[in-house]
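Below, each chain spelled out in residue letters.
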Amino acid sequence: MRKLIFFCLFVLYGCASSTQAHLDTIQNNFAHGDFKSATQNLSSNTEPEKQNNLELLINGVTLFHENEFKESDSVFEEFNKRNLSETDSSIVRETTGLLFGQGINSYKPYMMDSLFVSYYQLWDLLAMHDFKNARVVINQSYIRQQKMSTEYKKLISDRKQDITPELQEIIGKNTSDWVMFNDIMNPALMYLSGIYFLTNGDFENAITYLKRASGMVPDNTFIKQDLQLAQQYKKPTNITWQFAETGFAPRLHEQHAGLYLFNIGMIYFAFSEPYFSSGSIHPQNSQMLANVDAMFLTEYNEYRTNEILRSYASAVSKATLQATMYNSHSSSAPLLGILSSIYTVSSSNTDVRTWATLPQYIYVTRIENTKSNLNDLIVNDNIKSEIKPNTNNLVYVRMTPDIVDAKIINLK
């Protein structure tokens, strides 16, 4: 029996490893600037209506990097239509996860995913100089973030009373050095929105967004400069803001644990653990704007607690079934016991999928457009020539050790 259980666990690790390896391939394509392959390796579906949530996320950001901004915005809009509430869960979904493990369900986006959708949509629309719809996205994202904040507060208290000392040891393992925020937030989205309003002379809205961004990143002096301008009702002139994304956000891998329960025996259940990318670049003269590791862990830490509790509850119910089968007086008891053991272990899995192409950090540089200052931007000379005197500009940069994808947007 032990050999059978270990064999099933081996198969489970193989399935989880396959998912992880698949996402590693996509991330590697992305790191080398092969954006098309990243989408193709994820799915053969080319129509957004036929793509699942994770396919939409990676397809949308891929199109953005290929400068297909209108198509990217359409893909993200499809995602928004399907995910009006990031915290809702259906009875069918929960029952399926209980019976067969969380890995069998479709990808359920994190709240952070939805905020990054708004972030990239805003870049799409600014790149197309569609300033009217950019304002719509900003307003929608503000409402969404307010709603998420409320839902997050509910999430952090969910089922905490069910944590046993044994589970607490598993839940608290290796989390002491995690850097987390107190709330769901995306300071890069807030700051980019604040710049939009500031450069358009909408000072009241600029103050609202820049205050929020400054509160999220209190050590960032660039945000404070813009907030001071907004409070003085002054528009910036001859300024370029560079948003530089580096590294990759945390990835998940599957772990299994066992606990011995009196009258039931050993139970096995699965949960996920994050691991972090290394070697992220810190651009010269830039300041931290968004620590995506911390953004992810803020939300993930609470999901992980509930994930372990759900997995534990599922394992207990399956182990009870297994014990009942073995202890029945039927002539088929040994076979039923073996089958229930196979089912118990084979259905103990968790979801290790994440939006694998998100950055690890977002840095910002704010400069006045002089020839010497432009040397601080991470773009080549041909792209720098697009920055004209007496104009305000946004520069988006995605950096890996192999590529620098840069886009320059002139603001009115």
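Just so we're clear, the structure is a prediction, and the values are computed from it rather than from any experiment.

Scoring rules and cut-offs
- Residues numbered from 1 in each chain as written.
- Predicted model: local features only at pLDDT ≥ 70, side-chain atom pairs only at ≥ 80, totals over all residues.
- Heavy atoms only, no water.
- Helix = DSSP H or I, 4+ residues; strand = E, 2+ residues; numbered from the N terminus.
- Buried < 20%, exposed > 50% of the residue type's maximum accessible area, 1.4 Å probe, protein only.
- Core = buried A, V, L, I, M, F, W, Y, C linked by side-chain atoms within 4.5 Å.
- Contact = heavy atoms within 4.5 Å.
- Phe/Tyr/Trp six-rings, centres within 6.5 Å; stacked < 30°, edge-to-face > 60°.
- Lys NZ or Arg CZ within 6 Å of the ring centre and 35° of its normal.
- Pairing = 2+ DSSP bridges.

## So, the overall build of the protein chain
For step 1, the next point in the chain: Within the protein chain, the secondary structure is distributed over 15 helices and 7 strands.
For step 2, the next point in the chain: Per-residue burial over the protein chain gives 56% buried out of 412 residues.

## Regarding the nonpolar core
For step 1, the next point in the chain: If you look at the biggest cluster of nonpolar residues, it comprises 86 residues, and the most contacted ones within it are Phe 116, Tyr 119, Tyr 120, Tyr 191, Phe 243, Trp 355 and Leu 394.
For step 2, the next point in the chain: Among the elements that make up this core, the one with the highest residue count is helix 6 (residues 111-127) (11 residues).
For step 3, the next point in the chain: Leave out the neighbours within four places in its chain, and Phe 116 touches Asn 186, Val 292, Met 295, Trp 355, Leu 358, Pro 359 and Ile 362.
For step 4, the next point in the chain: Judged by nonpolar contacts, the second largest core, of 13 residues, contains Ala 244, Ile 387, Val 395 and Val 397.

## Some details on the packing of aromatic side chains
For step 1, the next point in the chain: For the coordinates displayed, the defined rule picks out 21 aromatic pairs.
For step 2, the next point in the chain: Considering the side-chain rings of Tyr 361 and Tyr 363, the 6.0 Å spacing of their centres and the 50 degrees angle between planes classify their relative orientation as tilted. Like Tyr 363, Tyr 361 is buried.
For step 3, the next point in the chain: Among the aromatic side chains, those forming a connected cluster through ring pairs are Phe 64, Phe 69, Phe 76, Phe 116, Tyr 119, Tyr 120, Trp 123, Tyr 191, Phe 243, Trp 355 and Tyr 396.
For step 4, the next point in the chain: Cation over ring: Arg 398 sits above Phe 248, and NZ or CZ is 4.8 Å from the ring centre.
For step 5, the next point in the chain: The residue whose ring lies beneath Lys 407 is Phe 64, and the NZ or CZ to ring-centre distance is 5.2 Å.

## Examining the environment of Ile 408
For step 1, the next point in the chain: Position of Ile 408 relative to the elements: it lies in strand 7 (residues 404-411).
For step 2, the next point in the chain: Remark: the alpha-carbon pair of Ile 408 and Leu 394, spanning 14 residues in sequence, is separated by 5.8 Å.
For step 3, the next point in the chain: If we ignore the near neighbours within four places in the chain, the residues touching Ile 408 are Ile 383, Lys 384, Glu 386, Ile 387, Asn 393, Leu 394 and Val 395.

## Here's the deal with the pairing of strand 5 (residues 361-368)
For step 1, the next point in the chain: Here strand 5 lies mainly inside the structure; 7 of its 8 residues are buried.
For step 2, the next point in the chain: For strand 1 (residues 239-246) and strand 5, the ladder comprises 8 bridges, and the chain directions are antiparallel. Residue pairing across strands places Ile 239 opposite Glu 368, the latter belonging to strand 5.
For step 3, the next point in the chain: With 4 bridges connecting them, strand 4 (residues 287-291) and strand 5 associate as antiparallel partners. Looking at strand 5, one finds that Met 288 is bridged to Tyr 363.

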